[in-house]
Amino acid sequence: MNKSALIHVGVVLVCVSWLFFLPKTGTLHWTCPSLAGILSILSLSSIRTGPYFKRMHRFLLGGFVLLFIGAGISALGHHGLAHAMHGFSLQAVDLLLDIAGMIMLTGVAMAAYKRYVAKAGRFENKAMDLILLAGMAFLLLSGFWLEATRIATSSSLPYFSVVGVVFAAPLLVAPVPVEHIHTCSTVLWYLHAICSFLFLAVLPWCKLSHIWALPLRLLFVLPLDTRTQAPLKTSSSASTSRDLPQRSLMEIDACMQCGRCRKRCPIFIADHTFSVKRLLDWAKLQANSACWTAITRPPQDILTAVWSCSGCRLCEEQCPMEGEHLAYISSLRRFLLANNEAPAAIVARFTARSIEQKQQPLPKDVNTTVYIWPGCDASISEAKSAVSILEGVLTQLDISYFRLSPPMCCAGTERLLGNNELFQCAREKNMGYLGMLPPGTIIVPCPHCYITLKESYPGLSSSFTILHHSEYLADLAQKKKLPRPILDSTIISYHDPCFLAHQAAGFTAPRAVLRAAEGIDLKEMKNSAAKRRCCGSGGGSVTTDSSAINAKQRIHLALDVGAQVLVTSCPYCKANLNTVATSEKLPLKTIDIMELFFHGEIK
């Protein structure tokens, strides 16, 4: 069997395996991409990775594609179209194959250097990684040696086979009998064929499946700032692999196992063991084994991490395939909830949220169009303080407002934790309550509530302008209505809340306020704005160790730039950072951005 046939066998295996994995029910959210979008995917320019790895993957993919084309043309030339392809045409194909082989071999060498010489910290070097790289190198080198044996036994020198001539030079110079060369060629051909068959058989089931899965995955990707708008699944548990979100099934094969998801993950920063890649590895074993029809209990490290995830989505921002990891984690949480394996703290949270429903009187005599959303945890001091400070700022500016009293919390965190039924109940009741109000502006002092109301409450944005309080302050700053800060000649740094950063104004609005504030010297600390880090809190996380370790790192980074005060715009971030600063006796206080302007709240 020639090389072209082997490649075509691999293509068939790839197509069959991919069609097997696609779920039979449901629909994929897909928008027909533009020509520019398709070209950006094929050229790898849309993949989030560094310049070195982008060049490496271009060498690997470009070499593979050229080898595929060249091998196909060569097969046609030697069989079906031998009479039409001869002379210069076949020589050009030989040149194409030589160039393609060297391009791909360069990519293999770059991958081996980065993994085993430079030893990038985010890589987990496993035996399969070495086997795949060694296998690809052997296939390419054995192909060149086969070409060399053909040249050495030929009566004429094929000048277009530039690489083959180089490999054949020792055989042409050394007095090697032709019979020995034929014997070596036969043995090498069988080794090359066996290795090719093994490689193609393994291809659909190993990490190299991202060769075809990643481009398809990018065609169905949802923008990061709209992912909470994705429809909810009607089932409360993901008891089988086919119950998982369809895009999550694509992610299982599209994962490149590059380890970039670990770089900014607060769970990995805290204990250096778990990463989303570990979760997807386990998921792939589930999908590729007899567990396809029933999800088994995850290992303990995954079980712990699933409930420790803060939902910051930093792994998704780093992922080359733009993976929707949080949707997969939420599905797995639904499975664990259905099997009564949720932590006691999560069960208690759901119970409290379920019984907090209250019959609110119809809002009457509302003579303003500015509303304050109270937040989900208005009972804790930080959230209660955020609402009180916002009320104080509006009162100080003589802005009339109405404090809302919805029947339930927004339940956005409950949705992340896998309780879709509670979220749907809360959304229905709250939408009914808000529907009785005149259209206006809802100011939200909590990023979690803000992103839930804005993205997960359909139709609400058409009646109300939903603003985070930092956006409202930025609008006041633009209109020159921002009061003078009560802190003067103060060096501050800003910590970006993860849920706020998902929005386009998440970075710009708070900084616009801080730069407009007189007497405030903003010093950006390391790992801020687009390169921010999570404080480890929020999103329903039940792990305090992870949040403490991450918060301590954030505080030290602020102190490194000489900050006297750390400013944020999330009550959960403020609570976590202040708790750690107090327990560690660190000389830094965290305040909400509104506390810069409201007299009497900060001493």
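Everything discussed here concerns the structure shown above.
Residues numbered from 1 in each chain as written. Predicted model: local features only at pLDDT ≥ 70, side-chain atom pairs only at ≥ 80, totals over all residues. Heavy atoms only, no water.

Enquirer: Would you mind showing me how to read the pattern of salt bridges here?
Expert: Pairing between side chains becomes possible if they bear opposite charge and their charged atoms approach one another. One pass over the full model with this rule turns up 15 salt bridges. Here lysine 207 ties to aspartate 129 by a salt bridge, and the two come within 3.2 Å at their closest N and O atoms. Residue lysine 207 is located in the loop between α7 (178–202) and α8 (210–219), and its partner aspartate 129 is located in helix α5 (residues 127–152); the two are separated by 78 residues in the primary sequence. For the pair formed by lysine 207 and aspartate 129, the shared burial category is buried. Bridged by salt links that share partners, the residues Arg115, Asp129 and Lys207 form one connected network. (Salt bridge = Lys/Arg side-chain N within 4 Å of Asp/Glu carboxyl O. Helix = DSSP H or I, 4+ residues; strand = E, 2+ residues; numbered from the N terminus. Buried < 20%, exposed > 50% of the residue type's maximum accessible area, 1.4 Å probe, protein only.)

Enquirer: Help me out: how do you make sense of a nonpolar patch on the surface in this one?
Expert: Residues Phe64, Val65, Ile69 and Ile211 make up a contiguous nonpolar surface patch of about 280 Å² in total accessible area. Top contributing element to the nonpolar patch by residue count: helix α3 (residues 51–78), with 3 residues. Tracing the sequence through the fold places valine 65 in helix α3. On the accessibility criterion, valine 65 (37% relative accessible area) is partly exposed. (Patch = residues over 30% accessible without salt bridge, like charges linked within 9 Å, V, L, I, M, F, W, Y side chains within 5 Å. Areas by Shrake-Rupley, 256 points an atom, 1.4 Å probe, with all protein chains shown as cover.)

Enquirer: Before we go on, may I ask you to explain the sheet that holds strand β4 (residues 464–468) in this structure?
Expert: Strands pair in a sheet through their backbones, by hydrogen bonds, and they do so in one of two ways: parallel or antiparallel. The strand order β2-β1-β3-β4 describes an open sheet built from 4 strands, whose pairing is parallel. Both edges of this open sheet fall to β2 (402–403) and β4, since each of them pairs with a single strand only. Direction of pairing for strand β1 (residues 370–372) relative to β2: parallel, over a ladder of 2 bridges. Across the sheet, the residue bridging to tyrosine 371 is phenylalanine 402, located in β2. The sheet strands contacting helix α19 (residues 447–456) are β3 (440–444) and β4, and the helix crosses β4 at an angle near 155°. Along the sheet, helix α21 (residues 469–478) makes contact with β3 and β4, crossing β4 at roughly 95°. (Pairing = 2+ DSSP bridges. Contact = heavy atoms within 4.5 Å. Axes fitted to C-alpha atoms, helices over the stretch in contact; angles between N-to-C directions.)

Enquirer: Would you mind going over the packing of α21 against helix α23 (residues 508–516) with me for this structure?
Expert: For any two helices packed against each other, the geometry is given by the interaxial angle and the distance between the axes. At a minimum axis separation of 8 Å, α21 and α23 run at an interaxial angle of 45°. By the angle between their directions, the pair α21 and α23 is classed as oblique. Here α21 runs over α23; the crossing is left-handed. Facing α21, whose interface residues are Ser470, Glu471, Leu473, Ala474 and Ala477, α23 presents Ala509, Pro510, Ala512, Val513 and Ala516. (Parallel < 35°, antiparallel > 145°, perpendicular 65-115°, else oblique. Left-handed = near helix turned anticlockwise from the far one by under 90°.)

Enquirer: Honestly, unusual backbone geometry in this entry has me stumped. Any pointers?
Expert: Glycine aside, negative phi is the norm for most residues, and most peptide bonds take the trans geometry. Phi at asparagine 340 takes a positive value of approximately 55°, unusual for a residue other than glycine. The topology assignment puts asparagine 340 in the loop between α14 (325–338) and α15 (344–355). In this structure asparagine 340 comes out as exposed when scored by relative accessible area, which is 72%. Positive phi is not limited to glycine here, since lysine 480 has a value of about 60°. Taking the relative accessible area as the measure of exposure, lysine 480 reaches 74% and is therefore exposed.

Enquirer: When you look at the nonpolar core in this model, what are you seeing that I'm missing?
Expert: The nonpolar side chains of a soluble globular protein tend to be buried with one another. Counting residues in each nonpolar core, the largest one holds 102 residues, and the members touching the most others are Trp373, Leu434, Leu473, Val567 and Leu596. With near-sequence residues (within four places) excluded, valine 567 lies in contact with Ile492, Ser493, Tyr494, His495, Leu514, Ile591, Asp592, Ile593 and Leu596. Phe53, Met56, Leu97 and Ala100 belong to the second largest nonpolar core, which has 25 residues in total. (Core = buried A, V, L, I, M, F, W, Y, C linked by side-chain atoms within 4.5 Å.)

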